[in-house]
Structures are given as structure tokens and as C-alpha cells.
Amino acid sequence: MSDCLFCRIIDKKLPAQLVQEDKEWVAFKDINPQAPTHVLIVPRRHIPALSASTDADGALLGQLQRAAAILAEKLGLSSFRVVVNNGAGAGQTVEHIHYHLLGGRGLKWPPG
Ligand code: AMP
Ligand code: ZN
């Protein structure tokens, strides 16, 4: 989608600090990091939100979660958090599903 920020990053029409690229997903550094490590894992396919996913997206969602584990190991994180914000009330600001990978500091529970 040409008007989607993350689609434009995936299509390399906007710059980003890439961490890893895969056939199905792209990982890049969050522009406003909330932890020493804050990476966004984004599927190449545009899905607006977790709530917009269907059963057909199950394998892709599994790959995104695996990506978080692979990247955490690559980045040397033994403890980390994976977050998906769904809907404005939960803090979603970009309507292209993305997994936040956060680590490198102590993380409190529950999140705000
Ligand atoms: P969310 O609020 O869950 O939708 O997450 C969107 C995230 O995208 C936020 O943490 C933003 O800091 C991040 N973000 C927005 N624009 C960019 C960008 N151009 N490059 C990297 N991260 C971005
Ligand atoms: Zn998109």
C-alpha cells in the first residue's frame, strides 16, 4: 500500500535502520526506541492489525513470532518482551501489523 509507512519502508521508498530481512518479513530499529534494543518486525504483506488477521495468516504470524526469538538471540538478549499493540486505545499508531521486540533493560509488569 503506497500510503502505508511500513509498506514504504519495506519497499525501500523510505529509509530505515534494517536489522534483518527475510522472504516474509523485515526487521528494523524503531525510530523512537523505548529500550536499548527496540526492533520492529513487520510482515512484507500488508495486514492492518492483529485483529484483521485471519486463519490463513496463522503461519505468517508464527513466523513473525519466530523472528522475534531469532533476532533476540542474534542481538544477545536473554530476556526480552514481544508486544503487538492492536487499536488506538492500545497505542497502535501504524496500521500495518508489527511486533515490537524490546530488551536491554529491566521491563516492568504490567505494562502501562
Ligand atoms: P505502534 O505505536 O505500536 O503502532 O508502533 C509504531 C512504532 O513505529 C512506534 O514505536 C514508532 O516509534 C515507530 N515508527 C514510526 N515511524 C517510524 C519510522 N519511520 N522508522 C522506524 N520506526 C518508526
Ligand atoms: Zn503496509
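Residues numbered from 1 in each chain as written. Chains lettered and ligands numbered in written order. Predicted model: local features only at pLDDT ≥ 70, side-chain atom pairs only at ≥ 80, totals over all residues. Heavy atoms only, no water.

Caption draft 1: Quick look at the layout of surface pockets. Roughly 360 Å³ of internal volume is contained in the largest pocket. What lines the largest pocket is a set of 20 residues, among which Phe6, Phe28, Asp30, Ile31 and Leu40 lie closest to the centre. Every element with two or more residues in the lining of the largest pocket is listed here: helix H1 (5-10) and strand S2 (25-29). By residue number, the principal contributor to the lining of the largest pocket is H1, which donates 3 residues. The class makeup of the residues in the lining of the largest pocket is 10 nonpolar, 8 polar and 2 charged. Approximately 300 Å³ is the volume attributed to the second largest pocket. Along its surface, the second largest pocket is lined by 13 residues, and Arg81, Val83, Asn85, Leu102 and Pro111 are the ones closest to its centre. Going through the elements one at a time, strand S4 (80-83) and strand S5 (99-103) are the ones with two or more residues in the lining of the second largest pocket. Its residues assigned to classes, the lining of the second largest pocket comprises 5 nonpolar, 5 polar and 3 charged. (1 Å grid on protein atoms, 1.4 Å probe; cavity = no way out; pocket = protein on both sides within 12 Å on 5 of 7 lines; lining within 4 Å. Points joined across faces, edges and corners; volume = space filled by probe spheres on them. Helix = DSSP H or I, 4+ residues; strand = E, 2+ residues; numbered from the N terminus. Nonpolar A, V, L, I, M, F, W, Y, C, P; charged D, E, K, R; others polar.)

Caption draft 2: Fine view of the coordination of the zinc ion (ligand 2). Around the zinc ion (ligand 2), the protein contributes the donor atoms Cys4 (SG), Cys7 (SG), His46 (ND1) and His96 (ND1), which lie 2.0 to 2.3 Å from the metal centre. Here the zinc ion (ligand 2) is ringed by 4 donor atoms whose angles at the metal span 106 to 116 degrees, and the overall shape comes out tetrahedral. All donors of the zinc ion (ligand 2) come from a single chain, and their spacing in sequence reads C-x2-C-x38-H-x49-H. Taken together, the positions of histidine 46 in the loop between strand S3 (37-43) and helix H2 (58-74) and histidine 96 in the loop between S4 and S5 put the pair 50 residues apart, joining distant regions of the chain. A relative accessible area of 24% places histidine 46 in the partly exposed class. (Donors = N, O, S within 2.8 Å, 3.2 Å for Na, K, Ca; no water. Tetrahedral: all angles 85-135°; square planar, octahedral: opposite > 155°, others 65-115°. Buried < 20%, exposed > 50% of the residue type's maximum accessible area, 1.4 Å probe, protein only.)

Caption draft 3: Up close: unusual backbone geometry. Note the cis peptide between tryptophan 109 and proline 110, where omega equals 0 degrees. If you trace the backbone, proline 110 turns up in the segment after S5.

Caption draft 4: The arrangement of the site of ligand 1 in detail. Close to ligand 1 lie 16 residues, the nearest being Asp30, Asn85, Gly91, Thr93 and His100. The contact in question runs from an oxygen atom of ligand 1 to an N or O atom on the backbone of glycine 91, over 2.6 Å. One of the backbone N or O atoms of threonine 93 is found 2.7 Å from an oxygen atom in ligand 1. For ligand 1, the protein covers 83% of the area, taking 510 Å² as the surface of the free molecule. Judged by its atoms lying within 2 Å of the grid points, ligand 1 is housed in the largest pocket. At the level of elements, H1 and S2 are the ones that each hand at least two residues to the shell around ligand 1. Per element, the largest residue contribution to the shell around ligand 1 is 3 residues, and it comes from H1. (Near = heavy atom within 4 Å. Polar contact = N/O pair within 3.5 Å; in protein donor to acceptor, adjacent residues only side chain to side chain. Areas by Shrake-Rupley, 256 points an atom, 1.4 Å probe, with all protein chains shown as cover. Sits in = over half its atoms within 2 Å of the grid points.)

Caption draft 5: Focus on the pattern of salt bridges. If you walk through the whole model with that rule in mind, you get 4 salt bridges. The partner of lysine 12 in a salt bridge is glutamate 21, and the shortest N-O contact between them spans 3.0 Å. If you follow the salt bridges from partner to partner, you end up with Lys12, Glu21 and Arg44 in one network. (Salt bridge = Lys/Arg side-chain N within 4 Å of Asp/Glu carboxyl O.)

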